[in-house]
Amino acid sequence: MKIFGIETSCDDTAAAVVEDGVKVLSNVIASSIDLHQETGGVVPEVAAREHLRQISPVIDKALADADCEWKDIDAITVTTSPGLIASLLVGINTAQTIAYIHQKPLIEIDHVVGHVYANFLERETEPQFPLLVLTVSGGHNELILMRGHHDFVKLGETLDDAAGEAFDKVARLLGLGYPGGPIISKLAESGNPEAFKFPRPMLDKENKLNFSFSGLKSAVRREVEKLEKANDQTIADICASFQQAVIEVLVDKLVLATQEQEVKEVHLAGGVSANRLLRQMTREKLPDKLPVFWPIEQIFCTDNAAMIASAAYFKK
Ligand code: KG4
Ligand code: ZN
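The present account deals with the structure reproduced in this document. None of the values given here were measured: they were computed from a predicted structure. (Residues numbered from 1 in each chain as written. Chains lettered and ligands numbered in written order. Predicted model: local features only at pLDDT ≥ 70, side-chain atom pairs only at ≥ 80, totals over all residues. Heavy atoms only, no water.)

1. Quick word on the environment of glutamine 280
Alright, step 1. Turning to its location among the elements, glutamine 280 is positioned in helix 9 (residues 276-285).
Alright, step 2. For glutamine 280, a relative accessible area of 44% gives the class partly exposed.
Alright, step 3. For the pair glutamine 280 and glycine 270, spaced 10 residues apart in sequence, the C-alpha separation works out to 16 Å. (Helix = DSSP H or I, 4+ residues; strand = E, 2+ residues; numbered from the N terminus. Buried < 20%, exposed > 50% of the residue type's maximum accessible area, 1.4 Å probe, protein only.)

Written out as structure tokens, the structure reads:
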């Protein structure tokens with residue numbers, strides 16, 4: 001079964017064709033990131049306008065790359081929430097029009113559920129349920145128990161900023177550009193993670209599987225304000241210390257969740273799952289016998305439409 005997916009929830013205009021939920025026949029992404037560099041974050045109207053400009057060529061390319069025509073496609077799927085409303089609407093309207101013209105079923109998918117299914121793309125083994133997913137991205141930060149296909153229990157979430165958002169805000173504070181995650185993790189490679197003592201917000205008993213990153217971001221801001229003139233090494237040290245604090249909190253909570261829930265696999269998903277330190281620490285801190293997965297290809301970590309098409313296939 002071939003599903004055509006569309007994703008426009010933030011700043012990426014994406015379309016893909018996925019066969020049987022796993023095999024990626026095409027995965028096209030046009031990003032408007034360059035346009036958001038100056039503002040250090042996504043400007044909703046700019047993103048929506050770019051989606052309008054990109055959606056048709058992206059869809060044509062996704063179909064062509066998969067060597068398909070509409071008659072070969074069994075269903076259309078689209079991200080319906082959460083996201084920037086004007087951006088989402090471009091994808092939704094387009095998907096509805098295609099489904100209507102070509103008489104195909106239309107399947108609605110939640111963006112975070114899409115990220116969860118990024119770990120199913122190109123996977124060769126069957127997933128073993130129940131499994132635990134940490135979805136970490138610019139817009140969301142959740143610990144999810146997945147008991148079966150589309151059977152989720154939310155164990156924890158962020159009470160304020162998501163981890164990726166914290167990376168983006170700290171990068172903006174340091175004048176480093178957007179998106180912050182890849183830039184900060186690169187600079188952190190030459191920094192000392194112990195140079196600055198940033199807080200590890202673990203929260204009280206009631207909130208022990210929830211997250212909170214806004215205090216950490218403020219702590220970074222206070223340090224930055226104290227610095228009269230930051231040289232490259234100081235910037236790298238701030239990046240490394242900040243990254244260490246975020247990742248330690250994420251991994252500690254992940255470990256805590258595996259102690260409370262008996263799971264057969266642990267998955268990392270969303271933009272921040274591309275982070276090397278997160279992958280490494282997750283592997284180190286969990287028992288060897290517990291398999292850890294993250295998206296097979298780097299482009300499955302950040303927003304894409306293949307993950308949406310996979311989620312749609314398994315939504316029966
Ligand atoms: O999943 P995604 O493309 O969009 C949302 O759904 O939000 O994630 C984008 C987020 C951005 O906040 C970006 O800074 C972060 O993922 N990110 C990273 C890395 N690569 C992307 N954060 C930390 N380390 C990375 N290597
Ligand atoms: Zn996302």
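2. What to know about the site of ligand 1
Alright, step 1. The environment of ligand 1 is formed by 21 residues, the closest being His115, Ser137, Gly138, Asp168 and Gly181.
Alright, step 2. Aspartate 168 places a polar side-chain atom, nitrogen or oxygen, 2.7 Å from an oxygen atom of ligand 1.
Alright, step 3. Taking 550 Å² as the accessible area of ligand 1 by itself, protein coverage stands at 90%.
Alright, step 4. If you map ligand 1 onto the pockets, it falls in the largest pocket.
Alright, step 5. Sort the elements by how many residues they give to the shell around ligand 1 and helix 6 (residues 180-188) lands first, with 4 residues. (Near = heavy atom within 4 Å. Polar contact = N/O pair within 3.5 Å; in protein donor to acceptor, adjacent residues only side chain to side chain. Areas by Shrake-Rupley, 256 points an atom, 1.4 Å probe, with all protein chains shown as cover. 1 Å grid on protein atoms, 1.4 Å probe; cavity = no way out; pocket = protein on both sides within 12 Å on 5 of 7 lines; lining within 4 Å. Sits in = over half its atoms within 2 Å of the grid points.)

3. Description of the pattern of salt bridges
Side chains that differ in sign of charge can pair as their charged atoms come close.
Alright, step 1. Inspection of the entire model under this criterion finds 15 salt bridges.
Alright, step 2. Note that lysine 226 and glutamate 223 form a salt bridge whose closest N and O atoms lie 3.3 Å from each other. Here lysine 226 and its partner glutamate 223 are both found in helix 7 (residues 214-226), 3 residues apart, which amounts to about one turn of the helix.
Alright, step 3. Look at the salt bridges and you will find they share partners, linking Asp161, Glu165, Lys169 and Lys217 into a network. (Salt bridge = Lys/Arg side-chain N within 4 Å of Asp/Glu carboxyl O.)

Function-wise, these values are silent; they only describe arrangement.
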